[in-house]
Amino acid sequence: MTGRERIVDAHHHVWDLAVRDQEWITGDEMAPLARTFTLADLEPEARAAGVYATVLVQTVTVPEETPEFLALADGNDLVAGVVGWTDLTAPDIADTLAALRELPGGDRLVAIRHQVQGEADPEWLLRPDVRRGLSAVAAAGLVYDLVVQSRQLPATVSAAALLPELTFVLDHAGKPPIATRSLHPWAADLKALADHPNTVCKLSGLVTEADLRTWTVDDLRPYADTVLDAFGPDRLMFGSDWPVCRLAASYAEVVDTVRTLTEDLAEDERAAVFATTAERVYGLR
């Protein structure tokens, strides 16, 4: 694969610290992220890597962010989709989703996400009020992005089984414990999730699950291979996780790393990982 080929970056963020704090950015290790990151910062790096479309993903659980992201997408020809946030447990979630669709850029809303990784209850996704909200997401024709810790993967398996009408997209491959060079129980839980046909996985966020300073492609390979074996290219999509990836690698390094990890795939299989899976699953225009 060359830099001239078409790529969809199915997972990146932006934030403006003049608008609101990103409370998850704490400590010395996260300090490089404690600044504003805009689409204007992203675009030259993405275009240089061969990216022609992106999916902008929520960062904080406040209702104001999703309309802001939709407006950004409406005014930008790079952002083809938005993964937003709304309260899954709200009784009026169906009305909220419909209202978001009517906003400027509302046609770019492709999915909903909640920071499940921050929930103390490992079975938060299985709560009746959450399941009701997930059903509303499915009824609205949207996808649900899963951002979970590896310990929460068993609940995602149950949720996928209970809601076959909803497509679940697992962000960052379920955050495998790469830094500790462990595969289990993450690998078994990942494969159990992949057994459900309504699940898809992002090949994203791996560099920041490894040692931020010393990681190598070979450190990531067992995890990428596990994901490829479990989901197959037609249910995998590339994501940069920019600017979070900058803690460990540049945008170009992330793209080149995933190219290397998928270099043994056939041309159509690489095309699936780098573009067509995201186009199909998110219904990107």
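Note that residues are indexed from 1 along each chain, following the sequence as it is written. Only residues with pLDDT of at least 70 are given local features in this predicted model, and only at 80 or more are side-chain atom pairs given and counted; all residues enter the totals for whole chains, interfaces and linings. Excluded from the side-chain calculations are hydrogens and water; all other atoms, namely the structure's heavy atoms, are used.

In the annotation of an unreviewed UniProt entry, the entry for the protein reads Amidohydrolase family protein, and the organism field reads Streptomyces sp. 900116325. UniProt positions are given in the numbering used here, feature names are shortened, and annotations may be inferred rather than shown by experiment. Regarding the protein, the UniProt comment filed under Sequence similarities (unreviewed entry) reads as follows: "Belongs to the metallo-dependent hydrolases superfamily."

(A) Here's a closer look at the UniProt feature "domain: Amidohydrolase-related" (unreviewed entry) in the protein. Sequence positions flagged by UniProt for "domain: Amidohydrolase-related" (unreviewed entry) are, in local numbering, residues 8-284. In DSSP terms, a helix is any run of H or I states spanning at least four residues, a strand is any run of E spanning at least two, and both are numbered starting from the N terminus. Annotation note: span residues 8-284, helix share 37%, strand share 14%, distance between end C-alpha atoms 10 Å.

(B) Main features of the nonpolar core. Grouped together as the largest cluster of nonpolar side chains are 84 residues, with contacts concentrated most on Leu88, Leu134, Tyr144, Phe168, Val227 and Phe231. Grouping buried Ala, Val, Leu, Ile, Met, Phe, Trp, Tyr and Cys residues that are joined through side-chain atoms within 4.5 Å yields what is termed a nonpolar core. When a residue's accessible area, from a 1.4 Å probe over protein chains only, is under 20% of the maximum for its type it is buried; when over 50% it is exposed; and in between it is partly exposed. Membership of the second largest hydrophobic core comes to 18 residues, among which are Val110, Ala111, Ala275 and Tyr282.

(C) Here's a closer look at the environment of valine 244. Checked against the element boundaries, valine 244 lands in the loop between β8 (236-238) and α8 (251-261). Accessibility expressed as a relative area gives 12% for valine 244, which makes it buried. Between the C-alpha atoms of valine 244 and leucine 206, which are 38 residues apart in sequence, the distance is 11 Å. Throughout, a residue-residue contact means that at least one pair of heavy atoms, one from each residue, lies within 4.5 Å. Those residues within four positions of valine 244 in sequence are excluded, and the remaining contacts are His13, Trp15, Trp24, Leu33 and Thr208.

(D) Looking closely at the packing of helix α5 (residues 153-162) against helix α6 (residues 186-194). Axis angles are defined between N-to-C directions and span 0 to 180 degrees, where every axis is a line fitted to C-alpha atoms and, for a helix, only to the segment in contact. The interhelical angle for the contact between α5 and α6, taken along N-to-C directions, is 10 degrees, at an axis separation of 9 Å. Put simply, α5 runs roughly parallel to α6. Contacts from Leu153, Pro154, Thr156, Val157 and Ala160 in α5 reach Trp186, Asp189, Leu190, Ala192 and Leu193 in α6. Three residue categories are used. Nonpolar comprises Ala, Val, Leu, Ile, Met, Phe, Trp, Tyr, Cys and Pro, charged comprises Asp, Glu, Lys and Arg, and polar comprises the others, including Gly. Its residues placed into classes, the contact of α5 with α6 shows 8 nonpolar, 1 polar and 1 charged. Working rule for angles: under 35 degrees goes down as roughly parallel, over 145 as roughly antiparallel, 65 to 115 as roughly perpendicular, anything else as oblique.

(E) A look at the environment of threonine 214. Mapping threonine 214 onto the fold places it in the loop between β7 (199-203) and α7 (217-231). With relative accessibility at 52%, the residue threonine 214 sits in the exposed group. Counting along the chain gives 175 residues from threonine 214 to leucine 39, while the straight-line C-alpha distance between them is 29 Å.

(F) Highlighting unusual backbone geometry. Cis geometry is found at the peptide bond from histidine 184 to proline 185, where omega equals 10 degrees. Along the chain, the position of proline 185 falls in the loop between β6 (168-170) and α6. Residue proline 243 follows tryptophan 242 across a cis peptide bond; omega there is 0 degrees. Inspection of the secondary structure assignment puts proline 243 in the loop between β8 and α8. Positive phi, normally seen in glycine, also occurs at histidine 172, with a value near 55 degrees. Topologically, histidine 172 is positioned in the loop between β6 and α6. Here the phi dihedral of alanine 173 falls at roughly 55 degrees; this positive angle occurs in a residue that is not glycine.

(G) Representation of the environment of threonine 26. Tracing the sequence through the fold places threonine 26 in the loop between β1 (7-12) and α1 (39-48). C-alpha separation for the pair threonine 26 and threonine 54, spaced 28 residues apart in sequence, amounts to 27 Å.

(H) Just the pairing of strand β3 (residues 79-84), in detail. Counting buried residues along β3, 6 of its 6 residues qualify, which places the element largely inside the surrounding structure. Note that strand β2 (residues 51-57) and β3 share 4 bridges and pair parallel. Of the residues in β3, the one forming a bridge with leucine 56 is valine 82. Taken together, β2, helix α2 (residues 65-74) and β3 form a β-α-β motif whose crossover is right-handed. Where β3 lies against strand β4 (residues 109-114), 3 bridges are found, and the strand directions are parallel. Paired with valine 82 across the two strands is leucine 109, which belongs to β4. Whether a crossover is right-handed comes down to one check: with the strands pointing away from the viewer, does the path from the first strand over the helix to the second run clockwise; if it does, it is right-handed. The β-α-β motif built from β3, the intervening helix α3 (residues 93-102) and the parallel element β4 has right-handed crossover chirality. Here the rule is simple: two strands pair whenever DSSP picks up at least two bridges between them.

(I) Representation of the sheet that holds β7 within the structure. Read from one edge of the open sheet, 8 strands run β1-β2-β3-β4-β5-β6-β7-β8, paired in parallel fashion. The two strands at the open ends of the sheet, each matched to only one other strand, are β1 and β8. Strand after strand, the sheet turns through a mean of 25 degrees between neighbouring axes, direction not considered. Sheet topology places β7 next to β8; 3 bridges connect them, and they run parallel. When the bridges of β8 are listed, cysteine 201 appears paired with leucine 236. Contacts from α2 reach β2, β3 and β4, with the element oriented near 175 degrees to β3.

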